[in-house]
Amino acid sequence: MLFRRGLILLGLALALAAATTIVAGANRIVAENAAYASNSGRQCVPNHTNASDLLPGTGIQVNPLPGSLDSPNTTQISFLGAPAATLSHISVTGSYSHGHPGRLAAYSQGDGASFLPAKPFRPGESVVVRGRVKRGSRSVPFAFSFTVAVRVPITGSGSLATASAAKPSETLHFHSEASLHPPSIDIATSAPGQEGGDIFVAPYAGPSPPGPMIFDSRGNLVWFDQLEGGQEATNLRVQTYEGRPVLTWWQGRIPPQGFGEGEEFIDNGSYQTILRVAGGNGMPADLHEFRIDPAEDTALLTVFDPIYCDLSSVGGPADGAVTDSLFQEIDLKTHLVRREWHPVDHVPLSHSVEPAGGVTIQWPYDFFHLNSIYKRPDGSFLLSSRDTSALYLIDGHSGQVVEQIGGPHGNTKLGPGTSTAFQHDAEELPNGQITVFDNGGVPMVHPQSRALVLSLNAKTRTETLVSQYVHSTPLKSGSQGSMQILANGNIFVGWGPEPYVSEYSPAGALVWDAILAGKTNSYRAYRSPWTGTPTGSPSVAAGAGPSGTTDVYASWNGATTIASWQVLGGSSPSALSPVGSGAFAGFETAIAIPGQPPYVAVQALDAAGGVLGTSAAVSG
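Remember, it's a predicted structure, so these values are computed and weren't measured experimentally. (Residues numbered from 1 in each chain as written. Predicted model: local features only at pLDDT ≥ 70, side-chain atom pairs only at ≥ 80, totals over all residues. Heavy atoms only, no water.)

Remarks on the overall build of the chain
In terms of regular secondary structure, the chain is built from two helices and 42 strands. Taking the principal axes of its C-alpha atoms as reference, the chain extends roughly 110 × 80 × 55 Å. When burial is assessed residue by residue, the chain has 54% of its 620 residues classed as buried. For the chain, the exposed surface amounts to about 24400 Å²; the carbon and sulfur share of it is 56%. Averaged over its 34 positive side-chain charges, the chain has a centre that lies 12 Å from the centre of its 49 negative ones. (Helix = DSSP H or I, 4+ residues; strand = E, 2+ residues; numbered from the N terminus. Buried < 20%, exposed > 50% of the residue type's maximum accessible area, 1.4 Å probe, protein only. Areas by Shrake-Rupley, 256 points an atom, 1.4 Å probe, with all protein chains shown as cover. Lys, Arg positive; Asp, Glu negative; His and termini not counted. Charge placed at Lys NZ, Arg CZ, Asp CG, Glu CD.)

Considering the pattern of salt bridges
The final tally for this structure, using the stated rule, is 22 salt bridges. Of the charged contacts in the structure, one is a salt bridge between arginine 276 and glutamate 263, with a shortest N-O distance of 2.6 Å. One end of the pair, arginine 276, is in strand E16 (residues 273–277); the other, glutamate 263, is in strand E15 (residues 261–267), and 13 residues separate them in sequence. The exposure class assigned to glutamate 263 is partly exposed, which follows from its relative accessible area of 24%. Notably, a salt bridge pairs arginine 450 with aspartate 438, separated by 2.8 Å at the nearest N-O pair. Taken together, the residues arginine 450 in strand E28 (residues 450–457) and aspartate 438 in strand E27 (residues 434–438) connect sequence positions twelve residues apart. (Salt bridge = Lys/Arg side-chain N within 4 Å of Asp/Glu carboxyl O.)

Notes on the sheet that holds strand E39 (residues 588–593)
Hydrogen bonds between backbone groups are what pair the strands of a sheet, and the pairing can be parallel or antiparallel. On the basis of which strands lie adjacent, the open sheet formed by three strands has the order E35-E36-E39 and antiparallel pairing. Only two strands of the sheet have a single partner each, and these edge strands are strand E35 (539–544) and E39. Going from strand to strand, the sheet's axes swing by 20 degrees on average, the running direction of each strand aside. Both E35 and strand E36 (residues 550–555) contribute to a ladder of six bridges, which runs antiparallel. Paired with alanine 544 across the strands is threonine 550, a residue of E36. (Pairing = 2+ DSSP bridges. Axes fitted to C-alpha atoms, helices over the stretch in contact; angles between N-to-C directions.)

What to know about the pairing of strand E26 (residues 424–428)
In terms of burial, E26 is largely enclosed, as four of its five residues are buried. Alignment of E26 against E27, held across three bridges, turns out to be antiparallel. Note on E27: the bridge partner recorded for glutamate 428 is isoleucine 434. Taken together, E26 and the strand that follows it, E27, pair antiparallel across an intervening segment of five residues, in which glycine 432 is found at a positive phi of about 90 degrees.

Focus: the packing of aromatic side chains
Evaluation of the coordinates by the stated rule reveals 18 aromatic pairs. For the pair phenylalanine 437 and tryptophan 495, a centre-to-centre distance of 5.6 Å together with 75 degrees between the ring planes defines the contact as edge-to-face. In this pair, phenylalanine 437 sits in strand E27 while tryptophan 495 sits in the loop between strand E31 (491–494) and strand E32 (500–504), placing the two residues 58 residues apart along the sequence. Members of the aromatic cluster, joined through ring pairs, are Phe327, Trp341, Tyr365, Phe367, Phe368, Phe381 and Tyr392. If you follow arginine 527 out to its NZ or CZ, it ends over the ring of tryptophan 512, 5.1 Å from the centre. (Phe/Tyr/Trp six-rings, centres within 6.5 Å; stacked < 30°, edge-to-face > 60°. Lys NZ or Arg CZ within 6 Å of the ring centre and 35° of its normal.)

Description of the sheet that holds strand E13 (residues 232–241)
Read across the open sheet, the four strands follow the order E13-E14-E15-E16; overall the sheet is antiparallel. Two strands close off the open sheet at either side, each with one partner strand: E13 and E16. Along the sheet, successive strands turn relative to each other by an average axial angle of 20 degrees, direction set aside.

Some words on the layout of surface pockets
For the largest pocket, the calculated volume is near 780 Å³. Looking at the lining of the largest pocket, the elements that each hand over two or more residues are E13, strand E17 (290–293), strand E18 (298–309), strand E21 (370–375), E26, strand E30 (482–485) and strand E34 (526–528). Taken together, the residues that form the lining of the largest pocket break down as 15 nonpolar, seven polar and ten charged. (1 Å grid on protein atoms, 1.4 Å probe; cavity = no way out; pocket = protein on both sides within 12 Å on 5 of 7 lines; lining within 4 Å. Points joined across faces, edges and corners; volume = space filled by probe spheres on them. Nonpolar A, V, L, I, M, F, W, Y, C, P; charged D, E, K, R; others polar.)

Overview of the nonpolar core
Counting residues in each nonpolar core, the largest one holds 25 residues, and the members touching the most others are Val322, Phe327, Trp341, Phe367, Leu383 and Tyr392. Only E18, strand E19 (320–331), E21, strand E22 (381–385) and strand E23 (390–394) provide two or more residues apiece to this core. With near-sequence residues (within four places) excluded, phenylalanine 367 lies in contact with Val322, Thr323, Pro343, Val344, Val347, Pro348, Leu349, Ser352, Asp387 and Thr388. (Core = buried A, V, L, I, M, F, W, Y, C linked by side-chain atoms within 4.5 Å. Contact = heavy atoms within 4.5 Å.)

Thoughts on the state of the cysteines
This structure, assessed with the given rule, holds one disulfide. Across the disulfide, cysteine 44 is cross-linked to cysteine 309 (sulfur-sulfur distance 2.1 Å). Looking down the S-S bond of the cysteine 44 and cysteine 309 bridge, the torsion is -55 degrees, so its handedness is left-handed. One end of the pair, cysteine 44, is in the loop between helix H1 (2–37) and strand E1 (61–63); the other, cysteine 309, is in strand E18, and 265 residues separate them in sequence. (Disulfide = S-S within 2.5 Å.)

In structure tokens, the structure reads:
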């Protein structure tokens with residue numbers, strides 16, 4: 001009896017202890033959640049800005065940056081500069097979430113690895129990383145820490161890209177592709193001296209549906225991938241991946257705050273998607289930049305990450321938010337993040353030319369607005385920041401800013417005509433000169449937007465103007481825009497929100513100018529050679545013509561090697577023979593054939609008369 005009573009008392013004591021433990025654990029979790037979820041007025045800027053990402057004595061660069069306060073809770077831990085086999089004893093501990101087991105995954109380039117935690121970190125917690133790296137015969141220990149940011153969800157269904165009402169003349173219409181409605185194109189100038197190749201744009205916010213689009217110098221459509229369901233596209237261009245030309249573009253949603261939430265697309269010459277690249281570390285890719293390094297099979301892309309931040313130092317709210325517009329270098333074979341660079345870690349908030357007053361959680365402080373990334377031959381990076389009106393040179397071995405060109409806080413002496421305002425698309429030429437699209441506003445600082453070629457003297461830190469290109473109709477592009485030096489030395493300019501695309505001779509003569517219908521935007525524009533061989537079959541439509549003839553319409557969206565069309569006709573789809581032909585005449589070719597056969601089809605022929613593709617048969 002006494003034994004049973006003892007067991008009962010012991011059971012009650014154990015139950016009470018368990019209940020106490022559960023309550024204590026619940027209270028601890030609640031307290032931890034409150035600590036990292038509220039975080040109103042938390043700091044987002046580290047104690048020491050522009051720190052190096054090199055761990056002393058190790059030769060490895062790490063991400064997140066030691067001492068940083070802006071890492072996503074889904075971050076991986078990147079180690080760049082040492083083969084994966086030299087890394088060992090990796091331990092990762094969160095101040096709230098405690099130990100994080102995971103695995104080490106090597107980069108396909110053989111120069112590093114990422115530690116992939118098995119579970120996410122908690123927003124607001126500090127994380128300590130320890131490990132060892134082998135250097136020669138020595139095993140060198142290392143340790144660093146970072147803090148996880150509290151990310152701001154951008155809600156709402158609005159979009160920056162608001163389409164205008166279409167007039168019939170502002171969109172193209174085709175019999176054989178009746179559902180396709182790209183914007184119409186007016187060729188305003190076409191003079192000798194143009195470069196060859198097609199034109200690559202991604203129209204949006206105009207009278208037509210959005211989508212990546214190719215057209216030729218005569219204004220003929222080549223390819224249009226019409227998007228629906230609130231999707232937008234930007235930055236269509238030709239790049240090289242796995243030794244072959246590919247089409248790349250960004251696709252996703254553009255919220256009113258002016259950045260992208262989506263993916264990068266890579267299509268082969270048959271318009272088949274071979275890779276879709278989201279941002280690393282659990283974040284969506286932004287619309288502004290996607291640049292492939294074909295020698296390394298890596299890509300540079302932008303990510304816009306709104307996080308809570310105390311903005312009282314720049315006249316904003318203590319419980320505010322900032323948009324941290326960062327860049328990542330992604331291993332395209334493994335989708336691992338090789339490096340990640342955050343402007344909040346390296347550039348003071350006070351360097352922005354944008355005011356912080358009026359900032360809200362849903363409209364974070366867009367203090368930097370990174371819009372282009374160019375990797376220089378020495379491994380350093382040239383960046384363009386719209387909202388500091390400056391270019392930055394970033395050391396490729398430490399991630400530190402080594403030079404700021406322009407803006408109120410620049411450390412380069414600017415020569416006459418070299419100052420940029422809210423600029424885009426900075427790139428370095430093989431001779432070391434820099435090209436940039438100078439928006440000049442908004443608000444307007446310069447009377448009109450310009451495309452610039454600049455010379456930078458690294459020894460004296462001075463910048464001089466080599467040449468500038470302006471439109472004969474003064475254009476004021478408050479956002480977007482691009483500049484490209486073509487193979488023949490010509491300058492190709494996309495004017496962003498102004499619906500113009502222009503080509504200039506090196507001397508500044510306008511040799512080609514196109515106008516997209518309405519107020520169509522295209523973030524950038526390029527001219528490049530391109531060969532497209534779509535899969536599937538050509539499209540055909542037919543109808544009765546005058547005097548007992550039949551009008552046949554043939555097209556093949558994206559095909560670039562068609563020389564002529566052959567029309568087949570007959571009494572049934574399985575009994576067709578040639579009944580007419582016509583030379584290729586643009587995206588859709590109209591061919592009149594004698595008689596009215598019950599069924600017709602078309603064959604696309606190359607210059608040698610070979611059959612490239614045959615359409616299905618339709619009623620004549």
